[in-house]
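Here is how the chains run, residue by residue.
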Amino acid sequence: MNTIGKLLCFMTLTSALCFSPAVDAQQTMCTAAPGKIAIGMISGINTDPLSHTHHFLRVVEEYGPSYTDKVGAEHPIFYPRLSNPTGGFIADLYEAIRQVVLQDPTWKTKGELLFALRMVSYFPDYAYPPHDLLSTYRALLIQLQAKWAAANPAGVANAMKTELLRLVNEGAKILLLPHSQGNLFATSISAAIEQRLSELHISNGLRLLHVAPPAAIGKDRLWVTNEFDLVVAAARLAGTGAPPGNTRLTDIVNNGIGHSFIDVYMLKGHQPYRDIRNILDRFIEELSQSANCIAVDSRGSWTVEVGVPVSFPQTLPPVRFDLSSHHYKNGDILEVRSSGSWQYSGYWGNPSTANGATAVFDGPLGFIGPSPIAGTDAGTTPEVMPDITLTQCHDNTAIDIAQDFRIADGEWRRVKIPPGATRMLLGVADCFHGDNIGTVIVEVRTVQ
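Residues numbered from 1 in each chain as written. Predicted model: local features only at pLDDT ≥ 70, side-chain atom pairs only at ≥ 80, totals over all residues. Heavy atoms only, no water.

With that settled, the discussion passes to the overall build of the chain. A count of helical and extended segments in the chain gives ten helices and 18 strands. Each of the 448 residues in the chain was classed as buried or not, and the buried ones make up 46%. Considering only contacts in the chain between residues 6 or more positions apart, those separated by 24 or more positions represent 74%. (Helix = DSSP H or I, 4+ residues; strand = E, 2+ residues; numbered from the N terminus. Buried < 20%, exposed > 50% of the residue type's maximum accessible area, 1.4 Å probe, protein only. Contact = heavy atoms within 4.5 Å.)

In this section: the confidence of the model for the chain. With 71% of its residues at a pLDDT of 70 or more, the chain has an overall mean of 78. This model gives residues 1–29 a pLDDT under 50, and the stretch forms 58 contacts once residues within four places in sequence are excluded. (pLDDT = per-residue confidence, 0-100.)

Looking at the element boundaries, isoleucine 284 is found in helix α10 (residues 271–288). Taking the relative accessible area as the measure of exposure, isoleucine 284 reaches 0% and is therefore buried. For isoleucine 284 and isoleucine 77, which are 207 residues apart along the polypeptide, the C-alpha to C-alpha distance reads 9.9 Å. The contacts of isoleucine 284, once residues within four sequence positions are left out, are Ile37, Ile39, Tyr63, Tyr67 and Leu175.

Within the largest apolar cluster, 29 residues are counted, with the highest numbers of intra-cluster contacts made by Ile39, Leu209, Val211 and Ile276. Those elements that provide at least two residues to this core are β1 (36–42), α2 (49–63), β5 (172–178), β6 (206–211), α9 (261–265) and α10. Contact partners of isoleucine 39, with chain neighbours within four places excluded, come to Val59, Tyr63, Ile77, Phe78, Tyr79, Pro80, Leu175 and Ile284. Of all hydrophobic cores here, the second largest spans 25 residues; its members include Phe321, Val336, Ile417 and Met424. (Core = buried A, V, L, I, M, F, W, Y, C linked by side-chain atoms within 4.5 Å.)

Right, let's get into the packing of helix α6 (residues 153–169) against helix α7 (residues 182–199). Each packed pair of helices is defined by two parameters, the angle between the axes and the distance between the axes. Where α6 meets α7, the axes come as close as 9 Å, and the angle between the chain directions of the two elements is 30°. As α6 runs across α7, the sense of the crossing is right-handed. Contact residues: Pro153, Val156, Ala157, Met160, Lys161, Leu164, Leu165, Val168 and Asn169 in α6; Phe185, Ser188, Ile189, Ala192, Ile193, Arg196 and Leu197 in α7. In terms of residue class, the contact of α6 with α7 is made up of twelve nonpolar, two polar and two charged. (Axes fitted to C-alpha atoms, helices over the stretch in contact; angles between N-to-C directions. Left-handed = near helix turned anticlockwise from the far one by under 90°. Nonpolar A, V, L, I, M, F, W, Y, C, P; charged D, E, K, R; others polar.)

Before going further, it helps to spend a moment on the pairing of strand β8 (residues 293–297). Most of β8 sits inside the fold, with five of its five residues counted as buried. Of the two faces of β8, both are covered, the one formed by Cys293, Ala295 and Asp297 as well as the one formed by Ile294 and Val296.

This part takes up α6. Look at α6: 24 Å from first C-alpha to last across 17 residues, which is about the 24 Å you get at 1.5 Å a residue. Taken as a whole, α6 has its buried residues at Pro153, Val156, Ala157, Met160, Leu164, Leu167 and Val168. Buried residues along α6 cover an arc of 115° about the axis, so they all sit on one side. Directly beyond the C-terminal end of α6, a positive phi value near 95° is found at glycine 171. (Expected span 1.5 Å × (residues − 1). Arc of directions from axis to C-beta.)

So, on to the pattern of salt bridges. Evaluation of the coordinates by the stated rule reveals 18 salt bridges. The residue aspartate 281 makes a salt bridge to arginine 277 at a minimum N-O spacing of 2.7 Å. Of the two residues, aspartate 281 and arginine 277 both sit in helix α10, four residues apart, roughly one turn of that helix. Judged by its relative accessible area of 29%, aspartate 281 is partly exposed. Between arginine 423 and aspartate 362 there is a salt bridge; the shortest N-O distance is 2.9 Å. Taken as a pair, arginine 423 in strand β17 (residues 423–427) and aspartate 362 in strand β13 (residues 357–363) lie far apart in primary sequence, 61 residues in all. Judged by relative accessible area, arginine 423 falls into the partly exposed class, the value being 29%. Counted as one network, the salt bridges with shared partners bring together Arg58, Glu61, Glu62, Lys268, Arg277 and Asp281. (Salt bridge = Lys/Arg side-chain N within 4 Å of Asp/Glu carboxyl O.)

Applying the stated criterion across every chain yields a total of four aromatic pairs. A ring pair is formed by phenylalanine 361 and phenylalanine 405, whose centres lie 5.5 Å apart and whose planes are at 35°; its orientation type is tilted. With phenylalanine 361 in strand β13 and phenylalanine 405 in strand β15 (residues 405–407), this residue pair connects regions lying 44 residues apart in the sequence. Here the two residues phenylalanine 361 and phenylalanine 405 agree in accessibility, since each one is buried. Positioned above the aromatic ring of phenylalanine 56 is the side chain of arginine 81, whose terminal nitrogen or guanidinium carbon lies 4.2 Å from the ring centre. (Phe/Tyr/Trp six-rings, centres within 6.5 Å; stacked < 30°, edge-to-face > 60°. Lys NZ or Arg CZ within 6 Å of the ring centre and 35° of its normal.)

So, about the pairing of β1. For β1, a buried count of six out of seven residues is recorded, marking the element as mostly surrounded by other parts of the structure. Pairing of β1 with β5 involves seven bridges; the strand directions are parallel. When the bridges of β5 are listed, isoleucine 39 appears paired with leucine 175. Bridging between β1 and strand β3 (residues 74–78) involves two bridges; their strand directions are parallel. Residue pairing across strands places alanine 38 opposite phenylalanine 78, the latter belonging to β3. Direction of pairing for β1 relative to strand β4 (residues 81–82): parallel, over a ladder of two bridges. Across the sheet, the residue bridging to methionine 41 is arginine 81, located in β4. (Pairing = 2+ DSSP bridges.)

What follows concerns α2. With 15 residues, α2 should reach 21 Å at 1.5 Å per residue; the first-to-last C-alpha distance of 22 Å fits that figure. What α2 keeps buried is the set His52, His55, Phe56, Arg58, Val59, Glu62 and Tyr63. For α2, the angular spread of buried residues about the axis comes to 150°, placing them on one side. Exposed residues lying more than 90 degrees from the buried face of α2 are Pro49, Leu50 and Glu61. Once α2 ends, the next one or two residues include glycine 64, with phi positive near 65°.

Despite not being glycine, serine 180 has its phi angle at roughly 55°, a positive value. At alanine 212, a position not held by glycine, the phi torsion is positive, near 55°. When you line up the elements, alanine 212 lands in the loop between β6 and β7 (222–224).

Next comes the structure, spelled out in structure tokens:
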């Protein structure tokens, strides 16, 4: 059974019929609350404000104001205006070449060669100009350099970064969709976004789909490039490291060079559009899920049962929430809460409903209780579950452990990660777990 199937099984409170092995927390997808998603479209060279608006609205047309994920939660979608001002085709081309050189200084000579070739294509006598025109070409080059300096790509990138970081700080996850030169901006700002997400302990907050990237992109990133895109082909021949074509559009609407965002890559009914849409759909679904929201099956327990009847229903292992993979470390103070209810004592009759979850820190040496929260720390101490004997057990066996603590229903509680802890184990408080029905959702966040 896949992860979504397990979750739907849990959420409909039919988990008694779904005996599947427990999975690690980072493999479990659930939605604690509707989260914001920001889709940022970054245009390429020679895109004036009106053309950029057309690009922007083309993306809005695809996804609209919100997205409903596979478990039925609706997420608002924002579309930040990430403007890439134009100084004209040649000036923008020179700007893009300079951006590539900044990212790969070894490419400088090739970049200057590519620029010279483009100048030749626009002004055929540029390569061997008459003596009286030489000063004219030199003056043109100086003007282009001045336009590039005035365009200030670093400043443009910083403005984009500022806007996207504002959205991240407001709880949005980011999907970047750059086209052509826009990929150079996206590459330069993505590291800052990833850094901020890491500081917020959000491990699932950025996706990037490169459309017609004219230069090398990061390892393991996805791209869509038309095999007949002559702009990218020229960049590739110049040694920029642009990835190869992986989709195809050869129709007459190919606008001559196969590079247009709207008339090639987002043209409905054709392969580039289908490839882009398939990847974006997957990215948006992934971003709608929270890596710090864990579905906990109420049959899960870390307690070693004693004298359980052979016929007793299956008890599952606890959900394992790995701390390092979520960027948490010893000494961090977390806020935790649960939501949802579960039924117990179904095996013995007289079923009752409970809520809340329990947790315990775990490490190489075994269970560890949370560290005390000092007066200099923010927040209060967690509610620690007492050692108790649950008399409903058939042999009155004491099943509680001293190190566990309660995760309250609907109320954020603070808990400090103790030294030596590598993960947090999540389950529910009960004597026997195998007859339980339902799930609780546990949310984890850091204290800023």
